[in-house]
Amino acid sequence: MDFTRLTATRIKGLIERGEASAVEICRAFQDRIRERDPEVQAFLHHDNDFALKQAERIDGMKHAGEPLPELAGLPMAIKDNLLIRGLRCTCGSRNLENFVAPYNATVIDRLASAGAVFLGKANLDEFAMGSSTENSAFRPTRNPHSRDHVPGGSSGGSAAAVGARMAAAALGTDTGGSIRQPASFCGVVGMKPTYSRVSRYGLVAFGSSLDQIGPLAQGVEDVARILKVISGKDPLDATSLAVDVPDYAGGLGRPIAGLKIGLPREYRKSGISEPVRTRIEAGLKLFQDLGCDLIEVDLPHTDYAIATYYVIAMAEASSNLARYDGVRYGLRIPGQGDLSSMYRETRDAGFGAEVKRRIMLGTFVLSSGYYDAYYLKAQQVRTLIKRDFEAAFQKVDLLISPTSPTPPFRLGEKTNDPLAMYLSDIFTITANLVGIPGISLPCGRTPEGMPVGIQLLGKHFDEQVVLNAAHAFEQAGGFAL
Amino acid sequence: MKIDGARVDYIANLAQLAVTEEEKRELIGQMNSILDYVEQLNRLDTSGIEPTAQVVHTSEQNYSWRADRVRSGFSQEQSLGNGPATGSGHFKVPKVISEK
């Protein structure tokens, strides 16, 4: 049996019935990493002994006759901006090359209690800033479907690990599409939950009003199971909310006939490439066949979303990254013996070009004389964009779009033009500005065989509706379109 | 043009970043092109529109309250564990106060 194709439920079932051990399953993924990762480069570091020890613990529970937890033996890749105690957490940055996490992120504690096995840490754009994983200070990750193409980003390592079946599932983080776009590029499912649904304690901060942690997996059911485990109030993250967490996986399978799905009119002129348009139209047809009503809606401030997003994200990034000063952790370059030159030379050596660019722009839009014109203005436009979505959700249950306007692009294609890279985020960034949940699902392939993703967005805390529609689409054969 | 060499120096100083002459030339071009793109926000009249700093904590019931009690934190050893230069239970930094 090929363990690398199994869902969480089947993995747990095999272990429960004694048909396979957690160690055997973990080894199957480690073999797959050995075989595929030299080319894909999804992992920044993986620790076989560390993973096997966790798997042995699950086998020990089985032998002791204890009930197995929900994700028992599920081998996962964890984006390298989430802390796992005792393992390095580099954020894809020279700055944190030797940083060893002193504690677990809350999501890691919760997944460990649920029996998940952590295989290793997945590559990302430095500090999660990018859409291709080419901004990693260490190496680019390649698309598992084509070595010449990017896996998307910033959670490119997480998506490529799942897409190449080197991990059964993964955690990513999404500040402007960083889970959904790589999920789309790598042909897997990825979900960004509602802002505040999942605790961010132990996530290295980038844009604090936008960041959310979320799952990636080969199917919707596993995404639902993982989401349930990581969701909920955490006293260690004051922004996490005490909203009830439903049994998302248990809620799947209900018919979706009568569901109202909104098609934003403005998205038509957003430069959707031909192969993506064709697949998305087939996807829309499938939702209609499932009995959904497709309704055109207006999101009049769509044109302003990217500008709004980048002003806010860069401002927040420049504040959050002020902490990398060479004092308490991370790289230190001594400089000329004074504090100021130590700061400057440390930050110069520690940060890559994209991170520096964003710190510079973020500092500029927050600087005296420019704050109102840029930062305050963007926050006001954020209000207008939020109102657009509130009005649309008066009429529909979900919104639908491509996840990315284009299929995966080639390595190097956009690295010299930061603005072109930003413009490819048009369909994903609004969910972060508005704080709503979104999912990307496979929706067939281009004639060249590259995956295309379709995105569903829901109302605040309506993850169940999003997941159920996604599941119905998957079960009706939408992935194979 | 909003960003010139002097402005790059000024911002780099605020951000505590060292910028080489070559990086400066590149940043001038890239920052101006991104800011030109951002300029389109000025087409919108936003007078009287409340700014949105975050999206879900909009009413008091969503605020996070907890009792103000002492909780255990990280040990000194844990806190200093990743320090690039430490000694006598402290982080070491270059001298901050001059002798003048």
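Residues numbered from 1 in each chain as written. Chains lettered and ligands numbered in written order. Predicted model: local features only at pLDDT ≥ 70, side-chain atom pairs only at ≥ 80, totals over all residues. Heavy atoms only, no water.

Engineer: Mind showing me how you'd approach the overall build of chain A here?
Structural biologist: Looking only at helices and strands, one finds 15 helices and eleven strands in chain A. In summary, chain A has a C-alpha radius of gyration of 21 Å against a globular reference of 23 Å for 481 residues, a match within 12%. By its C-alpha atoms, chain A is 65 × 55 × 45 Å across when sized along the principal axes. Looking at chain A residue by residue over its 481 residues, the buried ones come to 65%. Counting contacts in chain A only where the partners sit at least 6 residues apart, residues at least 24 apart contribute 76% of the total. (Helix = DSSP H or I, 4+ residues; strand = E, 2+ residues; numbered from the N terminus. Rg over C-alpha atoms; globule rule 2.2 N^0.38 Å. Buried < 20%, exposed > 50% of the residue type's maximum accessible area, 1.4 Å probe, protein only. Contact = heavy atoms within 4.5 Å.)

Engineer: Please explain unusual backbone geometry as it appears in this structure.
Structural biologist: Trans is the prevailing form of peptide bonds, just as negative phi is the prevailing case for residues other than glycine. Glycine 153 of chain A connects to serine 154 of chain A through a cis peptide bond whose omega is 10 degrees. By the element assignment, serine 154 of chain A lies in the loop between β3 (117-122) and α5 (156-163). A positive phi angle is found at phenylalanine 461 of chain A, which is not glycine, with a value near 65 degrees. With respect to the secondary-structure elements, phenylalanine 461 of chain A resides in the loop between β11 (451-457) and α15 (463-475). Look at glutamine 16 of chain B: it is not a glycine, yet its phi comes out positive at around 55 degrees. Assignment of secondary structure puts glutamine 16 of chain B in the loop between α1 (5-14) and α2 (21-38). Look at glutamine 16 of chain B and you get partly exposed, because its relative accessible area is 23%.

Engineer: Would you mind showing me how to read the interface of chain A and chain B here?
Structural biologist: By convention, interface size is frequently given as the accessible area that disappears when the constituent parts associate. Each partner contributes residues to the interface: chain A has 69 residues there, and chain B has 53 residues. Across the chain A to chain B interface the summed buried area is about 5400 Å²; carbon plus sulfur atoms make up 65%. A per-residue breakdown of the area chain A buries against chain B is headed by Tyr304, Arg344 and Met360 of chain A, which together make up 13% of the total. Our enumeration of links across chain A and chain B arrives at one salt bridge. Glutamate 23 of chain B is the partner of lysine 356 of chain A in a salt bridge, and the nearest nitrogen-oxygen pair spans 2.8 Å. Taken together, the links from chain A to chain B amount to 21 residue pairs in polar contact (both at pLDDT 80 or more). Looking at the side of chain A that touches chain B, the elements that each hand over two or more residues are α9 (305-320), α10 (339-350), α11 (353-366), α12 (371-395), α13 (418-423) and α14 (429-434) of chain A. Counting residues per element, the side of chain A that touches chain B draws most heavily on α12 of chain A, at 13 residues. Split by residue class, the side of chain A that touches chain B holds 37 nonpolar, 18 polar and 14 charged. (Buried area = accessible area lost by both parts, 1.4 Å probe. Salt bridge = Lys/Arg side-chain N within 4 Å of Asp/Glu carboxyl O. Polar contact = N/O pair within 3.5 Å; in protein donor to acceptor, adjacent residues only side chain to side chain. Nonpolar A, V, L, I, M, F, W, Y, C, P; charged D, E, K, R; others polar.)

Engineer: Quick question: what am I supposed to make of the sheet that holds β3 of chain A here?
Structural biologist: What links the strands of a sheet is backbone hydrogen bonding, and the strands pair in either a parallel or an antiparallel sense. All names here are of chain A. The sheet built from eleven strands is open, its strands ordered β1-β3-β2-β4-β6-β5-β10-β11-β9-β7-β8 with mixed pairing. Looking at which strands have only one partner, the edges of the open sheet turn out to be β1 (43-46) and β8 (293-297). Each strand of the sheet is rotated relative to its neighbour by a mean of 30 degrees, with strand direction disregarded. Here α5 sits on the sheet and contacts β1, β2 (75-79), β3, β4 (169-174) and β6 (212-217); the angle it forms with β4, its principal contact strand, is near 155 degrees. (Pairing = 2+ DSSP bridges. Axes fitted to C-alpha atoms, helices over the stretch in contact; angles between N-to-C directions.)

Engineer: Hey, could you run me through the packing of aromatic side chains in this one?
Structural biologist: The geometry of two aromatic rings is summed up by the distance between their centres and the angle between their planes. All names here are of chain A. Counted according to the given criterion, the structure contains 17 aromatic pairs over all chains. Between phenylalanine 99 and tyrosine 329, the aromatic rings sit 5.7 Å apart at their centres with planes inclined by 75 degrees, giving edge-to-face as the arrangement. Taken together, the residues phenylalanine 99 in the loop between β2 and α4 (106-113) and tyrosine 329 in the loop between α9 and α10 connect sequence positions 230 residues apart. Here the aromatic rings of tyrosine 310 and tyrosine 422 are separated by 3.9 Å at their centres, their planes lie at 15 degrees, and the arrangement is stacked. In this pair, tyrosine 310 is assigned in helix α9 and tyrosine 422 in helix α13, connecting sequence segments 112 residues apart. The pair formed by tyrosine 310 and tyrosine 422 is uniform in burial state, with each residue classed as buried. Connected via pairs of aromatic rings, a cluster forms that spans Phe99, Phe127, Tyr324, Tyr329 and Phe351. (Phe/Tyr/Trp six-rings, centres within 6.5 Å; stacked < 30°, edge-to-face > 60°.)

Engineer: Just checking my understanding: could you explain the side chain of glutamate 126 of chain A for this structure?
Structural biologist: All names here are of chain A. Here glutamate 126 lies in the loop between β3 and α5. Among buried Asp, Glu, Lys and Arg side chains, glutamate 126 stands out as unpaired, with arginine 94 the closest opposite charge at 8.3 Å. Beyond its immediate sequence surroundings of up to four residues, glutamate 126 is in contact with Cys91, Gly92, Ser93, Asn135, Ser136, Gly350, Phe351, Gly352 and Val355. (Lys, Arg positive; Asp, Glu negative; His and termini not counted.)

Engineer: In this structure, what is going on with the state of the cysteines? I would like to understand it.
Structural biologist: Residue and element names in this part refer to chain A. Taken as a whole and judged by the stated rule, the model has zero disulfides over all chains. The thiol of cysteine 91 is unpaired, and the distance to the nearest cysteine sulfur, on cysteine 89, comes to 4.5 Å. Residue class for cysteine 91 comes out buried when judged on its relative accessible area of 0%. Summary of cysteine pairing: cysteine 292 is not part of a disulfide, and the nearest cysteine sulfur, belonging to cysteine 443, is at 14 Å. (Disulfide = S-S within 2.5 Å.)

Engineer: Even after reading the chapter, I still don't get the environment of isoleucine 256 of chain A, so can you show me in this structure?
Structural biologist: All names here are of chain A. Of note, isoleucine 256 is situated in the loop between α7 (220-230) and β7 (260-264). Once the C-alpha coordinates of isoleucine 256 and arginine 344 are considered, the two residues, 88 residues apart in sequence, prove to be 56 Å apart. Apart from residues no more than four positions distant in its own chain, isoleucine 256 is found in contact with Phe287, Leu290, Cys292, Asn468, Ala469 and Ala472.

Engineer: Looking at this structure, I do not really get the nonpolar core. What am I missing?
Structural biologist: One broad trend across soluble globular proteins is that nonpolar side chains are buried collectively. Ranked by internal contacts, the top residues of the largest apolar core, which has 97 residues, are Leu111, Leu171, Leu456 and Leu467 of chain A. In this structure, Phe206, Ala307 and Val434 of chain A together with Leu17 of chain B belong to the second largest nonpolar core, which totals 74 residues. (Core = buried A, V, L, I, M, F, W, Y, C linked by side-chain atoms within 4.5 Å.)

Engineer: What am I meant to see in the pairing of β7 of chain A here?
Structural biologist: Moving residue by residue along a regular strand, the side chains alternate between the two faces of the sheet. Residues and elements named next belong to chain A. Most of β7 sits out of view: four of its five residues are buried. As defined by bridge partners, β7 adjoins β8 across five bridges and the pair is classed as parallel. What sits directly across from lysine 260, in β8, is aspartate 293. Handedness of the β-α-β unit built from β7, helix α8 (residues 274-289) and β8 comes out right-handed. Here two bridges tie β7 to strand β9 (residues 398-402), and the two strands are oriented parallel to one another. Across the sheet, residue glycine 262 finds its bridge partner in β9, namely leucine 399. (Right-handed = clockwise from strand over helix to strand, strands pointing away.)

Engineer: Would you mind going over the environment of valine 229 of chain A with me for this structure?
Structural biologist: Residues and elements named next belong to chain A. Relative to the helices and strands, valine 229 is located in helix α7. For the pair formed by valine 229 and arginine 200, sequence separation is 29 residues and the distance between their alpha carbons is 14 Å. Excluding anything up to four places from it in sequence, valine 229 contacts Glu70, Leu71, Arg110, Leu111 and Ala114.

Engineer: Whenever I open this one, the environment of glycine 251 of chain A confuses me. Can you help?
Structural biologist: All names here are of chain A. For glycine 251, the position within the fold is in the loop between α7 and β7. Given the relative accessible area of 5%, glycine 251 is considered buried. On a C-alpha basis, the gap between glycine 251 and alanine 224 in space is 9.2 Å, while along the polypeptide they are 27 residues apart. Leaving out residues up to four positions away in the same chain, glycine 251 has contacts with Gln464 and Asn468.

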